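Geometric and topological summary
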Amino acid sequence: MGGVPSQLSIFNIFRRKKSSSPIRKKVNFNKKLIDRDALKVVQTISKAGFEAYLVGGCVRDLLLGHKPKDFDIATNAKPEQVNKLFKRSRLIGRRFRLVHVMFSARKFLEVATFRSGQVKTAKSGVIVRDNCYGNIEEDVVRRDFRINALYYDVHSEEVIDYIGGLEDIDAGQIHIIGEPLVRFEEDPVRMIRAVRFQTKLDFELSDEIKKAIHKQAPLLSNISPARLYEECIKLFHNEYGFKVYERLEKYDLLRHLFKQTRKNDFIKIALNNTSNRIKRNKPVTPAFLFAVFLWQAQNERYQIIKQKQKSVYLSMSQASEEVIINQIKQVSLPRWLTARIKDTWMMQSRLERMQPKKMDDILSSKGFRMAYDFLVLRSQSINPELKSVADFWTKAQVGYKPLDTQSEYRKKPTK
């Protein structure tokens, strides 16, 4: 049967470690790096008589001196028990039952109950249910990588390590917990997470992980397109997006996310541009990168369609629809995002024509800023002949007051 390591494999993992007794390392983290709300959640659960720890990536990042973006909490309290402790909380998930403790419209902290090794899997081996609860020792080996299986006791100020995560952090290595082939079969998303962690932390993947990825890469097709959309944002909306792209390509994972995409200078400059915007705390949107990734495929399809279709507009529209439909079979895209992608593509021909009579309409349109940036990056990479066109629209904006919404074009619209 597929699934997270059985009780026997848990025993074997600890036996290879010679002892199931954890290492407890005293660490006085910089309090400025720890989210105060996360501490409050841990303390509230602890006061109710339960165990509660900071866990996973936040502990890893704190050990490396980085400020974590997310703080996850693990406890032996059941989700329903946690939910009762917080007025502003909600139960979520079916595959993994979790609690989100809400602090604002955009901020929540995730609380997970310790899991056991008992799971329900599909015929493919993918985990479809993981709501059998256990203790901390069982929860450790349910996690993916050793560097993500560290727990922080906020009361004793100790990092608890059952599985060798501290050793891996010191060595700058990434090892998976259990057998890589099986763990990737259970959840193929772990393969792209491995690549993201490798790039983010500048760590080295173990040889076992590399071999398993090459063999199990096609299993990404077993993952729902909706889940892969969220993972793709994590892959590319960061300060190292192009490095991630190259490594996904190296491990033959990229085609299982973007089968219509082939590397070119436009993608490179766009990913680097996005990374630079993030470094400068400027807004970004996945619509921009998806538009870049699929632009070449859209162009190729357009060239075929326009031979039969006289209307440039209809040819562009049909090509756009077909490419987007093919993409959402792999990675689901929200409607607001596909609308922005298509709008950006359709506006390229309008920008290229440089019609003075249409300038006001184009400059005042909500999609102008994104389409303009798209054009500029094209002129700096795959279409250098468009430099004069890009310059024309750069000068056209001098003295022009854009709509308020334009400066925030890379943000997802609020509902």
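Look up: the structure comes first, before these words.
A quick note: this is a predicted structure, and the numbers were derived from the prediction, not measured.

**Quick word on the sheet that holds strand E5 (residues 98-102)**
Taken together, eight strands build an open sheet; the order of strands is E1-E10-E9-E2-E3-E6-E5-E4 and the sheet is mixed. Looking at which strands have only one partner, the edges of the open sheet turn out to be strand E1 (23-26) and strand E4 (89-92). On average, each strand axis in the sheet is inclined to that of its neighbour by 30°, with strand direction left out of account. Judged from the four bridges that link them, strand E3 (residues 72-75) and strand E6 (residues 108-113) form a sheet pairing that is parallel.

**Notes on empty space enclosed by the protein**
In this structure the tally under the stated criterion is one cavity of 30 Å³ or more. Computed from the structure, the largest cavity encloses a volume of approximately 60 Å³. Considering the residues around the largest cavity, the lining is formed by Cys-232, Ile-233, Phe-236, His-237, Phe-258, Pro-286, Leu-289, Phe-290 and Phe-293. Every element with two or more residues in the lining of the largest cavity is listed here: helix H10 (225-236) and helix H13 (286-305). When grouped by side-chain class, the residues that make up the lining of the largest cavity number eight nonpolar, one polar and no charged.

**Some words on the pairing of strand E9 (residues 150-153)**
Burial along E9 is two-sided: Leu-150 and Tyr-152 facing one way and Tyr-151 and Asp-153 facing the other are all buried. The pairing of strand E2 (residues 52-55) with E9 spans two bridges and is classified as antiparallel. Paired with Val-55 across the bridge in E9 is Tyr-151. Of the pairings in the sheet, the one linking E9 to strand E10 (residues 158-161) comprises four bridges and is antiparallel in character. Paired with Asp-153 across the bridge in E10 is Glu-158. What sits between the antiparallel neighbours E9 and E10 is a turn of four residues, in which Glu-157 has the positive phi angle 55°.

**Quick notes on the nonpolar core**
Core analysis: the biggest nonpolar cluster contains 88 residues, and Leu-54, Phe-236, Leu-248, Leu-253 and Leu-257 have the highest contact counts within it. Ranked by residue count, the leading element in this core is H13, at ten residues. Among residues more than four places away in sequence, those in contact with Leu-257 are Ile-192, Leu-220, Leu-228, Cys-232, Leu-235, Leu-248, Gln-327, Gln-330 and Val-331. Counting residues in hydrophobic clusters, the runner-up holds 15 residues, among them Tyr-372, Leu-375, Val-376 and Leu-386.

**Side note on the pattern of salt bridges**
According to the stated counting rule, one finds 25 salt bridges in the structure shown. Residue Arg-190 pairs with Glu-186 through a salt bridge whose shortest N-O separation is 3.0 Å. Neither Arg-190 nor Glu-186 differs from the other in exposure class; each is buried. A salt bridge links Arg-378 to Glu-352, with the shortest nitrogen-to-oxygen separation between them at 3.0 Å.

**As for the side chain of Gln-260**
Tracing the backbone through its elements, the reader meets Gln-260 in the loop between helix H11 (241-250) and helix H12 (265-279). The exposure class assigned to Gln-260 is buried, which follows from its relative accessible area of 15%. Those residues in contact with Gln-260, other than ones at most four positions away along the chain, are Leu-294, Ala-297, Val-323, Asn-326 and Gln-327.

**Some points on the packing of aromatic side chains**
Considering all chains together, one arrives at 19 aromatic pairs under this definition. Where Phe-258 meets Phe-293, the ring centres are 5.0 Å apart and the plane angle is 85°; that geometry is what we call edge-to-face. Pair noted here: Phe-258 is in the loop between H11 and H12 and Phe-293 is in helix H13, with a separation of 35 residues, a long-range link. Comparing Phe-258 with Phe-293, the two get one shared label, buried. Ring centres of Phe-266 and Phe-374 lie 5.0 Å apart, and the angle between their planes is 85°; on these two criteria the pair is classed as edge-to-face. A residue pair is termed long-range when its members are at least 10 positions apart, and Phe-266 in helix H12 and Phe-374 in helix H17 (residues 368-379) qualify at 108 residues. The burial state of Phe-266 is the same as that of Phe-374; both residues are buried. Counting every residue linked through ring pairs, the aromatic cluster contains Tyr-229, Phe-236, Phe-242, Tyr-245, Phe-258, Phe-290 and Phe-293. Residue placement shows Lys-107 over the ring face of Phe-103; its charged tip is 5.6 Å from the ring centre.

**Overview of the environment of Gly-164**
Relative to the helices and strands, Gly-164 is located in the loop between E10 and helix H6 (165-171). In this structure the C-alpha to C-alpha distance between Gly-164 and Arg-146, which are 18 residues apart in sequence, comes to 6.2 Å.

About the thresholds
Per chain, residue numbering runs from 1 following the sequence as it is written. The model is predicted, so local features are restricted to residues of pLDDT at least 70 and side-chain atom pairs to those at 80 or more, both for listing and for counting; the totals for chains, interfaces and linings are taken over all residues. Side-chain numbers here rest on the full set of heavy atoms in the structure, without hydrogens or water. When DSSP locates at least two bridges between a pair of strands, those strands are taken to pair. Under the DSSP-based scheme used, a helix requires at least four consecutive residues in state H or I and a strand at least two consecutive residues in state E, with every element numbered from the N terminus. Working convention: axes come from line fits to C-alpha atoms, limited for helices to the stretch in contact. Angles between N-to-C directions cover 0 to 180 degrees. Cavity means a closed set of points on a 1 Å grid over the protein atoms alone, one where a 1.4 Å probe fits but cannot get out, pocket means an open set with protein on both sides within 12 Å along at least 5 of 7 lines, and lining means a residue has an atom within 4 Å of a point. Grid points are joined across faces, edges and corners, and a volume is the space filled by probe spheres set on the points. Here the nonpolar group is Ala, Val, Leu, Ile, Met, Phe, Trp, Tyr, Cys and Pro; Asp, Glu, Lys and Arg are the charged ones; every other residue, Gly included, is treated as polar. Three exposure classes are used, based on accessible area relative to the maximum for each residue type with a 1.4 Å probe and protein chains only: buried under 20%, partly exposed in between, and exposed over 50%. Nine residue types can take part in a nonpolar core, namely buried Ala, Val, Leu, Ile, Met, Phe, Trp, Tyr and Cys, and a core is a set of them joined through side-chain atoms within 4.5 Å. Only heavy atoms matter for contacts: two residues are in contact if any of them lie within 4.5 Å across the pair. Salt bridges are defined by distance alone: a side-chain nitrogen of Lys or Arg within 4 Å of a carboxyl oxygen of Asp or Glu. Under the pairing criterion, centres of Phe, Tyr and Trp rings, with the six-membered ring standing for Trp, must be within 6.5 Å; the plane angle then separates stacked pairs below 30 degrees from edge-to-face pairs above 60, leaving the rest tilted. By the criterion adopted, a ring carries a charge over it if an Arg CZ or a Lys NZ lies within 6 Å of its centre and within 35 degrees of its normal.

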